[in-house]
Amino acid sequence: MIASGGRLALESGTKDTKIALGMPPKPACKPRQGPRATVVAMDNILILGGTGFVGRQLRERLAAARLRLTIPTREAGHAGSEPAAPVRLVTADVHDPDALARLMRGQDAVVNLVAILHGTAERFEQVHVALPRSIASACASAGVRRLVHVSALGADPAGPSMYQRSKARGEAVLQAAAEAGTLDLTVLRPSVIFGAGDQFLNVFAQLQRVFPVIPLAGADTRFQPVWVGDVAAAVQRCLQDDATIGKTYEACGPEVLRLRELVRLAGQWSGVAGGRGRPVFALPMPLARLQAWVMERLPGEPLMTRDNLDSMAVDNVASGRLPGLQALDITPAALADIAPGYLARR
């Protein structure tokens, strides 16, 4: 990081992206026409969901840029190791409007990473719709205009799953606030996210260490997996670049793979059965729904639910109608360049 003329030059962490951070007085950011302009009036960032999988990557990147981060957590221990100096962990329930209002004080921007994959209709509504509504309200009250909201690829008010429909309703709440002029909003829609510590390829690798064959629901659903480091880089770019305001980006990797192929690769890269992985066979839908029903009733976080199956009724790939990571000057990492490194260490 090099200081020059009151500005900071920062390597973003992706091999092909360099970002300039400026330090002018705080403006109310507005979309700018014409060529991309880098802007930074963002010294203080509130990261909701900052102790999660993407949040840990993001806080490392932003802390390295010496931005001051506030990360709420129900218990400080959930954040893992003690964070670096510019990171402040605050014990708070983000679903409490009063707590959220206190968190907003003194912030320049907010990142919302809070999401769930499993739950009831009421729980999806609370996390994916009511929380964004509370965020918009708290931002307006505190005068915090800038929000980067991480949604999900496939968010659709008419989608087949509660997850997809609730994600779309949450986006709509925030878009309404942006149209009313109280938010400078950017939305990111990632496909399934992989990386060291993920609950995706790691789970498939572990299952293949236990079972001789893998019966798989949704085996032919197509995904476009994106590396967690690229998602974090995209959030950082959006925070830094006012040309991203008012836009929605699809954050996807460079390859489209069927779920059965992803499971097979997880087994091979983790060295199961001498690097061959386990046989994978597709479950017919009636058996798949029965399997998911049973998993929903097992203790702990379910590996699969019927709502997950509903989500897999449609492919989880870029639509081609919205800009992707390349529009943010990020070349997405290939699965084969990242996953073997962490799966082989298991």
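Definitions and cut-offs
Residues numbered from 1 in each chain as written. Predicted model: local features only at pLDDT ≥ 70, side-chain atom pairs only at ≥ 80, totals over all residues. Heavy atoms only, no water. Helix = DSSP H or I, 4+ residues; strand = E, 2+ residues; numbered from the N terminus. Polar contact = N/O pair within 3.5 Å; in protein donor to acceptor, adjacent residues only side chain to side chain. Contact = heavy atoms within 4.5 Å. Buried < 20%, exposed > 50% of the residue type's maximum accessible area, 1.4 Å probe, protein only. Core = buried A, V, L, I, M, F, W, Y, C linked by side-chain atoms within 4.5 Å. Phe/Tyr/Trp six-rings, centres within 6.5 Å; stacked < 30°, edge-to-face > 60°.

For the rest of this paragraph, the subject is the side chain of Thr-70. Here Thr-70 shows up in strand E5 (residues 68-73). At a separation of 3.2 Å, a polar atom in the side chain of Thr-70 contacts the side chain of Arg-88. Separated by 3.2 Å, the side chains of Thr-70 and Gln-107 make a polar contact. In this structure, Thr-70 is in contact with Ile-45, Leu-46, Ile-47, Arg-88, Val-90, Leu-103 and Gln-107, ignoring residues within four places of it in sequence.

Residue position: Gly-320 is located in the loop between helix H9 (306-311) and helix H10 (335-343). With a relative accessible area of 68%, Gly-320 lands in the exposed category. The spacing of Gly-320 and Glu-250 is 70 residues in sequence and 8.6 Å in space, taken between C-alpha atoms.

It is worth spelling out the nonpolar core at this point. As a rule of thumb, soluble globular proteins bury nonpolar side chains together. Ranked by size, the top nonpolar core spans 33 residues in total, and within it Ile-45, Ile-47, Val-111 and Leu-188 carry the most contacts. Of all the secondary-structure elements, those providing two or more residues to this core are strand E4 (44-48), helix H1 (53-64), E5, strand E7 (109-112), strand E8 (146-150), helix H6 (228-240) and strand E14 (248-251). Per element, the largest residue contribution to this core is eight residues, and it comes from H6.

Per the stated rule, a full pass over the model turns up two aromatic pairs. With a centroid separation of 6.2 Å and an interplanar angle of 70°, the aromatic rings of Phe-124 and Tyr-163 are classed as edge-to-face. On the criterion of sequence distance, the pair formed by Phe-124 in helix H3 (residues 121-142) and Tyr-163 in helix H4 (residues 162-179) is long-range, its members being 39 residues apart. Per residue, the accessibility class of Phe-124 equals that of Tyr-163, and both read buried. On the numbers, 5.7 Å between centres and 70° between planes, the contact of Phe-200 with Phe-204 is edge-to-face.

Taken by themselves, the reported measurements are silent on function.
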